[in-house]
Amino acid sequence: MFDANRDGLTLGIVGTGLMGRGIAQIAAQGGVTVRLFDSRAGAAGEARDAVAEMLAKLAAKGKMSTADAQAATARLMVAASLQELAGCDVVVEAIVENLDAKRALFRDLEDVVGGDCVLATNTSSLSVTAIAAACRRPERVGGFHFFSPVPLMKVVEVIDGVRGDRAVGDALVALARRMGHTPVRAADTPGFIVNHAGRAYLTEALRVLGEGVTDFATLDRILRGAADFRMGPCELLDLTGLDVSHPVMESIYDQYYQEPRFRPSPITRQRLAAGLLGRKSGRGFYAYADGRAEPVAPPAVPTAAATAATPLWISARNADAHARVVTLLDAQDAIVDRGRRPADNSVCVVLPVGADATGAALAEGLDPARTLALDPLFLGGHLTLMTNPLTAPAARDAAWAAFAAAGMPVSVIRDSAGFVAQRVVAMIVNIGCDIAQQRIATPEDIDCAVTLGLGYPRGPLAMGDALGAATVLAILDALHDFYRDPRYRPSPWLVRRARLGVSLLTPEN
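This section reports on the structure supplied with the text. Keep in mind that this is a model prediction, so the values were computed, not measured. (Residues numbered from 1 in each chain as written. Predicted model: local features only at pLDDT ≥ 70, side-chain atom pairs only at ≥ 80, totals over all residues. Heavy atoms only, no water.)

### A few points about the overall build of the chain
Part 1 of the reasoning: The helix and strand inventory of the chain stands at 21 helices and 16 strands.
Part 2 of the reasoning: Across its three principal axes, the chain shows a C-alpha extent of roughly 85 × 50 × 40 Å.
Part 3 of the reasoning: Counting every position in the chain, which comprises 509 residues, the buried fraction comes to 54%.
Part 4 of the reasoning: Partitioning the contacts of the chain with sequence separation of at least 6, the portion at a separation of at least 24 is 69%.
Part 5 of the reasoning: On the chain, roughly 20900 Å² of surface is accessible, and the fraction owed to carbon and sulfur atoms is 53%.
Part 6 of the reasoning: Computed over 51 positive and 55 negative side-chain charges, the inter-centroid distance for the chain is 0 Å. (Helix = DSSP H or I, 4+ residues; strand = E, 2+ residues; numbered from the N terminus. Buried < 20%, exposed > 50% of the residue type's maximum accessible area, 1.4 Å probe, protein only. Contact = heavy atoms within 4.5 Å. Areas by Shrake-Rupley, 256 points an atom, 1.4 Å probe, with all protein chains shown as cover. Lys, Arg positive; Asp, Glu negative; His and termini not counted. Charge placed at Lys NZ, Arg CZ, Asp CG, Glu CD.)

### Considering the side chain of Asn 122
Part 1 of the reasoning: Among the secondary structure elements, Asn 122 is positioned in the loop between strand E5 (118-121) and helix H5 (128-132).
Part 2 of the reasoning: Not counting chain neighbours up to four residues away, the residues in contact with Asn 122 comprise Met 19, Ile 23, Val 92, Glu 93, Ala 94, Phe 144, His 145 and Phe 146.

### Some remarks on helix H9 (residues 216-225)
Spacing of three or four residues puts side chains on the same side of an α-helix, whose turn is 3.6 residues.
Part 1 of the reasoning: Among the 10 residues that make up H9, 7 are buried, leaving the element largely enclosed by the rest of the structure.
Part 2 of the reasoning: Restricting attention to buried positions, one finds in H9 the residues Ala 217, Thr 218, Leu 219, Asp 220, Arg 221, Ile 222 and Leu 223.
Part 3 of the reasoning: Buried positions along H9 lie against helix H8 (199-210), helix H10 (233-240), strand E15 (383-387), strand E16 (410-413) and helix H17 (421-437).
Part 4 of the reasoning: Backbone nitrogen of Ala 217 and a side-chain oxygen of the N-cap are separated by 3.0 Å at the start of H9; the cap is Asp 215. (Polar contact = N/O pair within 3.5 Å; in protein donor to acceptor, adjacent residues only side chain to side chain.)

### Topic: the packing of helix H18 (residues 443-454) against helix H19 (residues 460-467)
Part 1 of the reasoning: Taken N-terminus to C-terminus, the directions of H18 and H19 make an angle of 100 degrees; their axes are 7 Å apart at the nearest point. In this view, H18 runs roughly perpendicular relative to H19, as classed from their interaxial angle. Residues Pro 443, Ile 446, Asp 447 and Val 450 of H18 form the contact with H19, whose participating residues are Pro 460, Leu 461 and Ala 462.
Part 2 of the reasoning: Along the lines of polarity and charge, the residues of the contact of H18 with H19 split into 6 nonpolar, no polar and 1 charged. (Axes fitted to C-alpha atoms, helices over the stretch in contact; angles between N-to-C directions. Parallel < 35°, antiparallel > 145°, perpendicular 65-115°, else oblique. Nonpolar A, V, L, I, M, F, W, Y, C, P; charged D, E, K, R; others polar.)

### Quick word on H17
Part 1 of the reasoning: With 17 residues, H17 should reach 24 Å at 1.5 Å per residue; the first-to-last C-alpha distance of 24 Å fits that figure.
Part 2 of the reasoning: Burial of H17 is extensive: 16 of the 17 residues sit out of reach of the surface.
Part 3 of the reasoning: Arg 439, located one to two residues past H17, shows a positive phi value of around 60 degrees. (Expected span 1.5 Å × (residues − 1).)

### Topic: the state of the cysteines
Part 1 of the reasoning: On inspection of all chains with the given rule, the structure shows 0 disulfides.
Part 2 of the reasoning: The closest cysteine sulfur to the non-disulfide-bonded Cys 135 is located on Cys 117, 11 Å from its own sulfur. (Disulfide = S-S within 2.5 Å.)

### A closer look at the pairing of strand E14 (residues 371-374)
Part 1 of the reasoning: Neither face of E14 is open: one carries Thr 371 and Ala 373, the other Leu 372 and Leu 374, and all of them are buried.
Part 2 of the reasoning: Sheet topology places strand E13 (residues 347-350) next to E14; 3 bridges connect them, and they run parallel. Bridging from a neighbouring strand, Cys 348 pairs with Thr 371 of E14.
Part 3 of the reasoning: For the segment spanning E13, helix H15 (residues 357-363) and E14, crossover handedness is right-handed. (Pairing = 2+ DSSP bridges. Right-handed = clockwise from strand over helix to strand, strands pointing away.)

### Comments concerning the packing of H17 against helix H20 (residues 469-483)
Part 1 of the reasoning: Close contact between H17 and H20 brings their axes to 9 Å; oriented N to C, the two are set at 110 degrees. By the criterion of interaxial angle, the relationship of H17 to H20 is roughly perpendicular. Between H17 and H20, the contacting residues are Gln 422, Arg 423, Ala 426, Met 427, Val 429 and Asn 430 on the first element and Val 472, Ile 475, Leu 476, Leu 479 and Tyr 483 on the second.

In structure tokens form, the structure reads like this:
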């Protein structure tokens, strides 16, 4: 097996598109000699020139020295044929995502490279085991999945095929570190870590849309403002393009034999058929002008003057949440009904976890017409109010104006078990837990891969710890009871750690 840190290490790259060029750049910057090959005549030379130009730009911006840029450029070589990869220590393929094409390439490479050469695939969606099965020596094949743009996305998934030699993965881990990236180790399963863990954010958000709970722009505002995601799910779908995102959702769903947790939405299928791809088509969920989304203004807040005399009664079933909400209102000199039961003229605000506003109102024996719910788990930067089917507009507006006076954005949605942020975050945590339960990756690697690969504010297991495993379990149990859908069944990893009262990052002994 090759020593990833030795001088003179040579890396072959087959396929010199965007991914191949990115891998070549970070390898050359890491002191590795790179041989570029592409079946299209002239493509490898074009790739070398493009990488050299990028290195020169980095030097011009002061992000690396001129001497280092020149040395890295000197390590980039063009291979005129596959046979010129014969002396490589490792070859990474970055060709089209087609199983037959990758298998054929690896069979050809086995006839060229030495017996100790590692063959690595940058596949994002195909089985490493299936690719390796075409080889005489499948044990030397591993997954080496980078993310685009490679130089900026500092994580790489190292995937062990079913017949893979553990030492192959170890060598790729060391090589990733030499190239300045953070390696995470994964078993060969559909989606590996990042694409697997990323299912919940989009599919659950689309389910919220499909239920008519709110509109796409409000959905994005809540998940950005309340749950601290960098981009809302509809913004993300527009950025990626539905021609990319929807097939991936269907692929993961089918590869897991229609696992309900990964169920795609007809919304994206219909919008894809309509050509509403996102930024690339000029229109997706948002409309675009010159590549920028046209802003969608939030609904106007009701005037405080019209509702100032209306008292708000806050449910005390959750004592901690009750205290925080009352403190928030007191700071604005709102009229708070402090009775054990609400007065006849008070608007009632319930604080459910996992339940909907209807269920919470009935459970406390409140008048649904003057009751609405506030999400008690996300009170920091964006508040979410939720009506039930009978909530009177006057009651809604009174609560809306009172909470908006606290200086935070307020979104008003229709009834939904688990609001928006609760159910989306709970599903992210649950899928992260199940990746750990299946031993696809360690808890630490799961969270590392997701934060670096998806840009989430925390990894899924750390998200669960922030809310509390017992709280996440309560949300999922409530969703499961309400919908009677196995989509919401909790992972054993979550259930046991919630019962034991320990961190979701706690590994098995």
